[in-house]
Amino acid sequence: MKKMKKNILNIMSTRLGFIFTLIVFYWLKTMWANTADFDLGLENPYQLFLTFINPIPISLLLIGLALYIKNTKLFYSLTLIIYTLINLLLIANAIYFREFSDFITINTMLATSKVSAGLGDSAINLLRPWDLVYLLDVFLLIFLFVRKHITLDSRPFNKRASFAVTALSALLFSINLFLAEIDRPELLSRGFSNTYVVRALGINAFLGYDANQTYQTQKVRAEAKPEEIEDVKAYVDQHYATPDPNYFGIAKGRNVIIIHLESFQQFLIDYKLNVDDKEYEVTPFINSLYHSNQTFSFANFFHQVKAGKTSDAETLMETSLFGLNQGSFFVQYGGDNTQQAAPHILAENGNYTSAVFHGNIATFWNRNNVYKALDYDYFFDQSYMSKATDENSFQYGLNDKIMFSDSIKYLEHMQQPFYTKFITVSNHYPYQNLSGDEVGFPLAQTDDETINGYFATANYLDSAVKSFFDYLKASGLYDNSIILLYGDHYGISNSRNPSLAELLGKDSETWSEYDNAMLQRVPYMIHVPGTDKGFISETYGGEVDNLPTLLHLLGIDTKQYIQLGQDLLSKDNSQIVALRTSGYFITPHYTSYGGRLYNTITGEEITNPDENTSLVIDEIRNKAKTQLDISDSIQTGDLLRFYNDSGLTRVDPSVISYNDSFEILRQIEDELGDKSTSLYNQNNNTSTQDLYNAPSYSELYPDLDEDTENDENTAQSNTTE
Ligand code: GP9
Ligand code: MN
């Protein structure tokens, strides 16, 4: 035993041994931080394994740099400086996480005043007694050196050996990156969430990754000139579609409730799945809304996103600007750019209170930062809802019925009018996550599991939406609200579409880019209780058109705002839908998709357009391209910071905090007293929670015959992907 101790101390007294010792300390402290402070949302043992290995490569690389130094004192000083820096980063992150549930980025470092403002009274409050663990290594090292248990090694490392250490760390990092990509393809290119990157690669690599991202975006932003907003304004003025007085203001002053239908495609509307010669209507409730004369429904509404998926759909819907051609706008710019989003416009034109409800972690898609920049007052993420278990959730968050149910506690305390968004997730790829009583809706019978499960999860979403509507009606919120529903993007990707063909009455052999293009339709419905003006509009439009359409219904003219979409209820709509890939567009007559051109009505390919047609198509192509180019210039140049004619004040994200939201809601009710307009106060200070009932599939269809229930052909539970 004694000998072993001596051996260890001898090793620690060599240069390499000393460095390994520090790496072991650092590793232990990272493990402590992962357990005590960070919530990495680990979903499986593989991710846990990644967190075990990821502190090593970069710390070896960085501390190992000191090996190139010959001078003894200099070597030890540099080693300790680098060691101290990575430790400070670790500890600062641990403390920061307690308040923000997120990791420190370059921007947070640059805007320290913003951070300290966000920290509230004092950062000292965030310290915990067990933070001493983070200093144990310091005490130990001092002790070992002072008592001369370890001594300085004066033998320099040769260049070759030092290089070997650097090369080894690079190799280890590559392996780490490779393993991380297996767990989450496109981890860095799509940048889903800071948590995901830290979980896979560690905080040092995360900071490097973030530094690179920040550098790229800052460069373009710094070069943007104030005059550029003039071109944008000229485009917006000329593109503006005048509202139809028949609809303008018909929902003035009402609450706005937005239901984000995850991965929901238009073809599901009215679709009946045929299994064993029986027909099953997939989304009966949403279908009834679609056909109601209280709903403005759109038959030709397209999603306009690329890799930013949900997050870019949110950008399009709430700012009337596009996401990015690469990656996600939320992740790269959304937290920092000046924006004029729906919650902000409504706060300043009608005194709306705003909130997002979502059963996933707050950092996903950088929402915790972006929502502040959009001026959302509250963000109720998973941490405000039921604890996620294998039964009630999957990797993207809580099941929709739970999410709606858990939202009511907060919704009922919000001051009216409110603008709220409910982001569902259950109908998300891989469409296999239903369990228990929710299993029962038949699976489709194609050779593709993903397609087979899609109808069952869509059916679950439909009944979740119905339950929520039932609640709205029972609680009385329904009558003074409007409910907007939209599908964010496709659920079945183009590569799978040939397997879907038969279910749509088509032939997989002749499946074309035209068919792919038509499947990019998603639902867009604005349900206005009490009106009879609703109808199914054939107007062609996309997500970018939502904001002006919605604001005009609420009686807010959008003329002075920088919005690139057009009111879809206006008579002078241009009906050119630019998809996010430049050169892809859809109009009532022409469809350009996958490098081919089609007649939108007949689906026939146009291979040799005559001169006249060519001219028309070029003009459309240019218009679509201009819309995207203008959007890109605004987003990458942060041009709205130069725009002063909107009449809006600037959002100050640093004064918004998403901690203690429930207490804040209650406090506002107390302060307002009789003037409070919350549902809870209107309901004689009693909760409306009991009015929400979400029967499961088997409760809704108790007489499902035994065969179907036990059949292989029903949605199975599978929460692992
Ligand atoms: C997760 C959810 C999914 O929070 O919004 O995003 P997506 O994968 O569809 O972009
Ligand atoms: Mn999505």
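Everything quoted here is computed from the prediction, not taken from an experiment.

Before going further, it helps to examine the side chain of Thr214. Position of Thr214 among the secondary structure elements: in helix H11 (residues 194-223). Every residue in contact with Thr214, bar those within four places of it in the chain, is listed here: Ile106 and Asn107.

Attention now moves to the sheet that holds strand E13 (residues 577-578). The strands making up a sheet associate through hydrogen bonds between their backbones, and the pairing can be parallel or antiparallel. On the basis of which strands lie adjacent, the open sheet formed by 4 strands has the order E13-E14-E15-E16 and antiparallel pairing. The open sheet has two free edges, formed respectively by E13 and strand E16 (596-599), since each of these has just one partner strand. As paired elements, strand E15 (residues 590-593) and E16 share 4 bridges and run antiparallel to each other. Bridged to Tyr590 within E16 is Asn599.

In the region of ligand 1, the neighbouring residues are Glu262, Lys309, Thr310, His358, Asn360, Phe364, Trp365, Arg367, Tyr396, His428 and His489. Between ligand 1 and Thr310, the relevant distance is 2.6 Å, taken from an oxygen atom to a side-chain nitrogen or oxygen of the residue. In this structure, an oxygen atom belonging to ligand 1 sits 2.6 Å away from a side-chain N or O atom of His358. Here ligand 1 loses 98% of its free accessible area of 310 Å² to cover by the protein chains.

This part is about unusual backbone geometry. Residue Pro417 is reached from Gln416 by a cis peptide bond, and omega for that bond is 0°. Summarising the element assignment, Pro417 is placed in the loop between helix H18 (400-411) and strand E9 (418-423). Cis geometry marks the peptide bond from Tyr429 to Pro430; its omega dihedral reads 10°. By the element assignment, Pro430 lies in the loop between E9 and helix H19 (449-475). You will see that Asn366, though not glycine, has its phi angle at about 65°, which is positive.

Take the UniProt feature "transmembrane region" (unreviewed entry) in the protein next. In this numbering, the UniProt entry assigns the feature "transmembrane region" (unreviewed entry) to residues 7-28, 48-68, 75-97, 132-150 and 162-180. As a span, residues 7-28 carries 91% helix and 0% strand, and end to end its C-alpha atoms are 21 Å apart. Span residues 75-97 is 100% helix and 0% strand, its end C-alpha atoms 33 Å apart.

Within the secondary structure, Leu78 is located in helix H5 (residues 72-100). For the pair Leu78 and Leu65, spaced 13 residues apart in the sequence, the C-alpha separation amounts to 8.7 Å. With near-sequence residues (within four places) excluded, Leu78 lies in contact with Ala66 and Ile69.

Let us look at the side chain of Thr600. Topologically, Thr600 is positioned in the loop between E16 and helix H23 (611-637). Discounting chain neighbours no more than four positions away, the residues touching Thr600 are Tyr514, Met518, Tyr540, Thr587, Pro588, His589, Tyr590 and Thr591.

Looking at the manganese ion (ligand 2), the protein donor atoms are Glu262 (OE), Glu262 (OE), Thr310 (OG1), Asp488 (OD) and His489 (NE2), and they sit 2.0 to 2.6 Å from it. Coordination at the manganese ion (ligand 2) is irregular, judged from the 6 donor atoms that bind it and the angles of 53 to 166° they form at the metal. Here the donor residues of the manganese ion (ligand 2) share one chain and are spaced in sequence as E-x47-T-x177-D-H. Taken together, the positions of Thr310 in helix H14 (residues 309-319) and His489 in the loop between strand E10 (481-487) and helix H20 (497-501) put the pair 179 residues apart, joining distant regions of the chain.

Okay, a nonpolar patch on the surface next. The grouping of Leu132, Leu135, Leu136, Val138, Phe139, Ile142 and Val146 at the surface amounts to a nonpolar patch, some 660 Å² of accessible area in total. The topology assignment puts Leu136 in helix H8 (residues 136-146).

As a further point, take the pairing of strand E2 (residues 272-275). Only one face of E2 is buried, namely the one carrying Leu273 and Val275, since none of Lys272 and Asn274 on the opposite face is buried. Summarising the sheet, E2 and strand E3 (residues 278-281) pair through 4 bridges and their orientation is antiparallel. Its bridge partner lying in E3, Lys272 is registered against Glu281. What sits between E2 and E3 in their antiparallel hairpin is a turn of 2 residues, with Asp276 showing a positive phi close to 50°.

Let's shift gears to the pattern of salt bridges. Inspection of every chain in the model, using the stated rule, returns 20 salt bridges. Its salt-bridge partner being Glu438, residue Lys401 comes within 3.0 Å of it at the nearest N-O pair. With a gap of 37 residues between them, Lys401 in helix H18 and Glu438 in the loop between E9 and H19 connect regions that are remote in the sequence. Neither residue differs from the other here; Lys401 and Glu438 are each classed as buried. Here the salt bridges share partners, and the residues they tie into one network are Glu314, Glu318, Arg367 and Lys421.

Right, let's get into the UniProt feature "domain: Sulfatase N-terminal" (unreviewed entry) in the protein. In the UniProt entry, the feature "domain: Sulfatase N-terminal" (unreviewed entry) is given for residues 254-556. Split by type, residues 254-556 is 32% helix and 20% strand. Its first and last C-alpha atoms lie 12 Å apart.

Attention now goes to the nonpolar core. A general feature of soluble globular proteins is that nonpolar side chains tend to end up buried together. Grouped together as the largest cluster of nonpolar side chains are 125 residues, with contacts concentrated most on Tyr371, Tyr419, Tyr524 and Ile634. In terms of residue count, H5 provides more of this core than any other element does, 11 residues in total. Composition of this core by domain shows at least three residues from each of domain 1 (2-220) and domain 2 (228-691). Not counting residues within four places of it along the chain, the set of residues in contact with Tyr419 comprises Val256, Ile258, Glu318, Ala342, Pro343, Leu346, Tyr352, Thr353, Ser354, Ala355, Tyr376 and Leu550. If you look at the next biggest cluster of nonpolar residues, it comprises 64 residues, including Leu261, Phe264, Phe418 and Ala458.

Between its first and last C-alpha atoms H18 spans 16 Å; for 12 residues at 1.5 Å apiece the expected length is 16 Å, and the two agree. Burial of H18 is extensive: 10 of the 12 residues sit out of reach of the surface. Those residues of H18 not exposed but buried are Asp400, Lys401, Met403, Phe404, Ser405, Asp406, Ser407, Ile408, Tyr410 and Leu411.

The strand order across the open sheet formed by 8 strands is E6-E5-E9-E1-E10-E11-E4-E12, and the pairing between neighbours is mixed. The strands lining the two open edges of the sheet, one partner per strand, are strand E6 (378-380) and strand E12 (535-542). Across this sheet, the average inter-strand angle for adjacent strands is 15°, counted without regard to direction. Where strand E1 (residues 255-261) and E9 come together, 5 bridges link them in parallel fashion. Opposite His260, over in E9, you have Ile423 as the bridge partner.

Moving on to a negative patch on the surface. Negative charge collects at one region of the surface, where Glu227, Glu228, Glu230, Asp231 and Asp645 lie side by side. With respect to the helices, strands and loops of the structure, Asp231 is situated in helix H12 (residues 228-239).

The next point concerns the domain arrangement of the protein. The assigned domain composition of the protein is domain 1 (2-220) and domain 2 (228-691). In this structure, domain 1 and domain 2 have C-alpha centres spaced 40 Å apart. With 19 residues of domain 1 at the interface, the matching set in domain 2 holds 22 residues. With both chains or domains summed, domain 1 and domain 2 bury close to 1,700 Å², and 44% of this area falls on carbon and sulfur atoms. Run the count over domain 1 and domain 2 and you get 0 salt bridges. If you look at where domain 1 meets domain 2, you find 7 residue pairs in polar contact (both at pLDDT 80 or more). Among the secondary structure elements, those contributing two or more residues to the side of domain 1 that touches domain 2 are H5, helix H7 (112-118), helix H10 (187-190) and H11.

Moving on: the confidence of the model for the protein. Chain-level statistics for the protein give a pLDDT mean of 93 and a share of 96% at 70 or above. Below a pLDDT of 50 lies the segment residues 114-121, which in the model reaches 10 contacts outside its immediate sequence neighbourhood of four places, other chains included. Long-range and interchain partners of residues 716-721, a stretch whose pLDDT sits below 50, account for 14 contacts in this model, where long-range means more than four residues apart.

Quick notes on the rules
Residues numbered from 1 in each chain as written. Chains lettered and ligands numbered in written order. Predicted model: local features only at pLDDT ≥ 70, side-chain atom pairs only at ≥ 80, totals over all residues. Heavy atoms only, no water. Helix = DSSP H or I, 4+ residues; strand = E, 2+ residues; numbered from the N terminus. Contact = heavy atoms within 4.5 Å. Pairing = 2+ DSSP bridges. Near = heavy atom within 4 Å. Polar contact = N/O pair within 3.5 Å; in protein donor to acceptor, adjacent residues only side chain to side chain. Areas by Shrake-Rupley, 256 points an atom, 1.4 Å probe, with all protein chains shown as cover. UniProt positions renumbered as here; feature names shortened; annotations may be inferred. Donors = N, O, S within 2.8 Å, 3.2 Å for Na, K, Ca; no water. Tetrahedral: all angles 85-135°; square planar, octahedral: opposite > 155°, others 65-115°. Patch = residues over 30% accessible without salt bridge, like charges linked within 9 Å, V, L, I, M, F, W, Y side chains within 5 Å. Salt bridge = Lys/Arg side-chain N within 4 Å of Asp/Glu carboxyl O. Buried < 20%, exposed > 50% of the residue type's maximum accessible area, 1.4 Å probe, protein only. Core = buried A, V, L, I, M, F, W, Y, C linked by side-chain atoms within 4.5 Å. Domains from an automatic or database assignment. Expected span 1.5 Å × (residues − 1). Axes fitted to C-alpha atoms, helices over the stretch in contact; angles between N-to-C directions. Lys, Arg positive; Asp, Glu negative; His and termini not counted. Charge placed at Lys NZ, Arg CZ, Asp CG, Glu CD. Buried area = accessible area lost by both parts, 1.4 Å probe. pLDDT = per-residue confidence, 0-100.

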